Amino acid sequence: MRSTLSLMMVFGLAAHGIDLYVSPAGDDGNAGTRENPLKTLVCARDLIRLRKQDESARVILLNGIHKLSEPLVLDERDGGTSTAPVTYEGESLDAIISGGESIPGNAWQQGANGVWTAKVDWPKGKIPFVQLWVDGRRLTRARTPNEGKYFFYRCAVPRTPEQKRFTKSFVIRKLDMPDWMLDPGVAFVGYPHWSNKYAYIESYDAETGEVSFVGNDFAMHCVEKDGRYYLENHIKALDVPGEWYFDEAASTLHVIPQEGVDLRKSQVVYPVVRRNLIVINGSHETGKLVKNLHFKNLTFMHTDAHIESSYKHSVQGAHVQQGALLAYGLHDSSVRDCEFVHLGEHGISLLEGCQRNVIRDNHIHDLGGGGVYLSVEVPRIWNDSVGTNHNTVENNLLHDGGHIYRHACGIFLGGSASYNTLSHNEICNFSWDGVHLGWSWSGTNKTLTHHNTVSWNHIHHIGNGVLSDLAAIYTLGQQPGTVIQYNHIHHISRNNGGYGGWGIYPDAGSSYLTIDSNLVHDTEDGGLHMHCYSQPHDNVVTNNIFAYSEAYQMIRGNQLDPKEGLHVELERNIICHEKGRLYGGSWTKDGKFSTDRNLLWGHGKECSFNGNNLKMWRETGRDVNSVVADPKFVDADNRDFHLLSDSPALALGFNPFPYEQAGIQGNPKLQKLAAMIVPREKELVERPTIGAISEDFESLKVGQIPEIGSVYIEREDAGIVVSDEQAASGKKSLKFIDKPGQKHGYNPHFAYYVNWDLLGRKVIGKFKAYLTEGTILEHQWRDWTHSPFVPGPTILIGGDGTLAVGGTALAKVPHNTWFEIQVEYEKSTWSLQVIVPGEATKRFGEFKTSDDFKRLTWIGFVSAAADKDIHFYLDDISIK
Ligand SMILES: [Ca+2]
Ligand SMILES: [Ca+2]
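Residues numbered from 1 in each chain as written. Chains lettered and ligands numbered in written order. Predicted model: local features only at pLDDT ≥ 70, side-chain atom pairs only at ≥ 80, totals over all residues. Heavy atoms only, no water.

Concerning the sheet that holds strand 75 (residues 855-863)
Filter applied, for reference: Two strands are said to pair when DSSP picks up at least two bridges between them. Here a helix means four or more residues in a row that DSSP labels H or I, a strand means two or more in a row labelled E, and each is numbered from the N terminus. Lines fitted to C-alpha atoms define the axes here, with helix axes fitted over just the stretch in contact, and angles between the N-to-C directions of these axes take values from 0 to 180 degrees.
Here we have 7 strands laid out as an open sheet, ordered 63-66-75-68-69-70-71, and antiparallel in their pairing. Of all strands in the sheet, those bounded by a partner on one side alone are strand 63 (710-712) and strand 71 (808-812). If you compare each strand with its neighbour and ignore which way they point, the axes differ by 20° on average. As judged from the 7 bridges shared by strand 66 (residues 749-757) and strand 75, these two strands associate in the antiparallel manner. Paired with W756 across the two strands is L856, which belongs to strand 75.

Describing the pairing of strand 76 (residues 870-879)
Heads up, the condition is: The rule is simple: take the accessible area with a 1.4 Å probe, protein chains only, and divide by the maximum for that residue type; under 20% is buried, over 50% is exposed, in between is partly exposed.
Most of strand 76 sits out of view: 9 of its 10 residues are buried. Bridge analysis of strand 65 (residues 733-738) against strand 76 gives 5 bridges, and the strand direction is antiparallel. Paired with K735 across the bridge in strand 76 is Y873. Relative to strand 76, strand 67 (residues 763-770) runs antiparallel, the two sharing 5 bridges.

Here we look at the coordination of the calcium ion (ligand 1)
Put simply, the rule reads: Counted as donors are the N, O and S atoms within 2.8 Å of the metal, or 3.2 Å for Na, K and Ca, while water is not among the atoms, so some sites may look incomplete. The geometry test gives tetrahedral to four donors whose angles all lie between 85 and 135 degrees, gives square planar to four donors and octahedral to six donors whose opposite members are over 155 degrees apart with all other angles between 65 and 115, and gives irregular to the rest.
Taken together, R143 (O), N146 (OD1), A237 (O), D239 (OD), E243 (OE) and E243 (OE) make up the full set of protein donors to the calcium ion (ligand 1), lying 2.1 to 2.5 Å away. One can describe the donor arrangement at the calcium ion (ligand 1) as irregular, given that its 6 donor atoms subtend angles of 52 to 172° at the metal. Spacing between the donor residues of the calcium ion (ligand 1) along their common chain follows R-x2-N-x90-A-x1-D-x3-E. Here the residue R143 occupies a position in strand 13 (residues 143-144), and D239 occupies one in the loop between strand 20 (227-232) and strand 21 (243-247), the gap between them amounting to 96 residues. What makes R143 buried here is its relative accessible area of 5%. Residue classification places D239 among the partly exposed positions, given a relative accessible area of 44%.

Examining the coordination of the calcium ion (ligand 2)
Taken together, D696 (O), E698 (OE), S729 (O), S729 (OG), K732 (O), D875 (OD) and D875 (OD) make up the protein donors of the calcium ion (ligand 2), found 2.3 to 2.8 Å from the metal. In the primary structure, the donors to the calcium ion (ligand 2) are separated according to the pattern D-x1-E-x30-S-x2-K-x142-D. Placement of the pair is D696 in the loop between strand 62 (693-695) and strand 63 and D875 in strand 76, with a sequence separation of 179 residues. Overall, the relative accessible area of 0% leaves D875 in the buried class.

Remarks on unusual backbone geometry
A cis geometry characterises the amide bond from T144 onward to P145, with omega recorded as -10°. Position of P145 relative to the elements: it lies in the loop between strand 13 and strand 14 (151-155). Between G845 and E846 the backbone carries a cis peptide bond, its omega angle lying at 20°. At S375, a position not held by glycine, the phi torsion is positive, near 65°. Positionally, S375 belongs in the loop between strand 35 (372-374) and strand 36 (392-394).

Looking at the sheet that holds strand 22 (residues 252-256)
Spatial ordering of the open sheet is given by 8-9-22-21-12, a layout of 5 strands whose pairing is mixed. Looking at which strands have only one partner, the edges of the open sheet turn out to be strand 8 (108-110) and strand 12 (140-141). Pairing between strand 8 and strand 9 (residues 116-119): 3 bridges, direction antiparallel. Residue pairing across strands places Q110 opposite W116, the latter belonging to strand 9.

Some words on the layout of surface pockets
Let me state the cut-off plainly: Cavity means a closed set of points on a 1 Å grid over the protein atoms alone, one where a 1.4 Å probe fits but cannot get out, pocket means an open set with protein on both sides within 12 Å along at least 5 of 7 lines, and lining means a residue has an atom within 4 Å of a point. Grid points are joined across faces, edges and corners, and a volume is the space filled by probe spheres set on the points. Basically, the charged four are Asp, Glu, Lys and Arg, the nonpolar ten are Ala, Val, Leu, Ile, Met, Phe, Trp, Tyr, Cys and Pro, and anything else, Gly included, counts as polar. Residue ranges labeled as domains rest on an automatic or database domain assignment.
What the second largest pocket holds in volume is close to 1200 Å³. As for the second largest pocket, its lining consists of 47 residues, and the residues nearest its centre are R138, E147, D400, H403 and R680. Those elements giving two or more residues to the lining of the second largest pocket turn out to be strand 11 (137-138), strand 12, strand 20, strand 21, strand 31 (339-343), strand 34 (363-367) and helix 6 (668-676). With 3 residues, strand 34 is the single largest residue contributor to the lining of the second largest pocket. Partitioning the lining of the second largest pocket into residue classes produces 18 nonpolar, 16 polar and 13 charged. Counting contributing residues per domain, the lining of the second largest pocket is built from domain 2 (101-269) and domain 3 (357-676), each supplying no fewer than three.

See below:
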């Protein structure tokens, strides 16, 4: 215990407030001077609490590793006032606050098989660590299959869409299942569309292949056609350099180092502190706020992630994960010139009641989660004090996130974050959103996230082939006063078996947004995706450049238009493409949107307006005063989007903006680091392919859904199952039951997912059908490597048995008897045979497919009767 006398000495030392020095080599019995520093931050904190209220205080961390074994907790006693602030400051960024422990070189044993081992002093019963770094490089916890590869699951039973989205059980392929899958501690890491989830298998049915998981909160969106997963954390999964495994029972760490790495000479670190290094516990409820507390020039390093079975899975954006610096009720404070690195979850979380704080000039990278999170969930009780408002996140470099929580974001504003400014940040190498704004899926309910400004950010290499349904800037719900302006966005991609790698993406309910003067180029699926779900309204999109998306430039998804007003006004934008098309999705004739005075350019190709040409489009009142012309960029090939002085955009009122000023400004050190970042390589997932389909349904149980292929239904009483009521061969066939009152005319439907390159390949498809009166059957082949798909051979059989191709009636097929259809495809040409017993075979064709139909990914059978109570059967499906 420190004596009162020495405290007096400490406080007497500083002429302008108190300076306390802390060094890992210090001693808490010391006076806290530079020469005789303290050892711990806890001691410094407690000493500062004893000062006079009008004295400012600095805790100066000398260089070295300041190890924590638990988070440093600060409360209202630990802040200052505007004239007497409290600052924790590093001597340099080599003053490191670390929640990690290193393994001494002499602890390592090199095994004959390339596996090194070391004993770790890990407390019995403590949840084991899940990350490891060797010389600052994050290693992979042993997994199978190895990085970049996956196993695949599907839903166990057909369900209604709602059940299908939140199913708790899956069927996995037996051939994938290693014999250790059910051992304790093994994580099943699934990738449903826009998130990933660590799950733990509770049971496995060897007969059906069905697995179920521990815990009731488990819900995994199961809509992905080939759900990806891998198994993590078993000694038998340890098989490639860069992997490690911790044997808890034996307290032994096993590592296969990268080639040439000698672990005896390396710094090997594992985290001992979970989630948070600093916790600031102010309270907006009691008014005990923490004020005027500053962090400067410090490095925060090594936290662990929470992923065992009790962890809470975030439905979106890893919103429940936490920052290494976590604050509640923090006012008028700052984090500047700091580095946040090698973390299990996020960098910084400012949650309920954090106001007027500044996060500036920080370098935040190598993250299990995301960068900066401002408010996450909608508060139960709303008042002005609970909001995370008037904060500034500026000039930060955020990159290399989502290592554990793939859905984590660069910057996230959730439940009640308003009047915040996100400006001049550079954000890249995240697997989901760059910036996420909002936490309501409704366009009619008021929200608590609004009046935020997202400007001058440079956001690039987002998605990188991992997840779906993502964007550089993403919004949800009503956001009056929110402005998205002067951002430079490029290279946005998504999972190659998924969908949705967009630039700016106002999702469900997004309303009252101003999207102005942004440059968005080289996205996979579109520069702008205006999702028209939940009556979004009053969005204005002006003066932007949307260029060179692979698919469409401008997407409008769904169509739940507002009851009054417009969904969006698009004006004075430059929209330009070489590949893909201009407008796609649901920019329909009766859609509630306006678009005019834009400069449109397809590099000489005719622009496509939702399938219309310009003349047809203008007849609907759209783009009447727009111009189709070369925008005259300085150098489009080299992505210089400045305009030449004779650009026709200028005459339309386009106002050029200096997009090169987006990103970090006035910080040469961070700018240099930003320039050195290597974009993440896009992950290209190898998906299971089906060699050939030959299905007579005889080996399946009545009432089952087929093992190969996918069934899509809306209601449990309108489905597709194996039946013994009719059969073309043997005793069984596939029965389709359609009922009135379904939302989509295309349900129920059934599809095979193959993945065949059609170059030089001949494909023959055959099936037998037994139709009843009123059945409408559509049979289609699709290339889903494009979004939306490119149709191939397509046959429609109407309710009276009329068989048509491309709107032309060709033949009549009978009801209540089996007949056969054969389709032959080769070199963009296909033909058709209709074989009715007792009649001469009819041949039709040749028909042409689009040049874009290059890969056969989907073969579907759609019950297209609307509002009818009908059923029919298919049998002997063969496609090869
Ligand atoms: Ca492995
Ligand atoms: Ca059969």
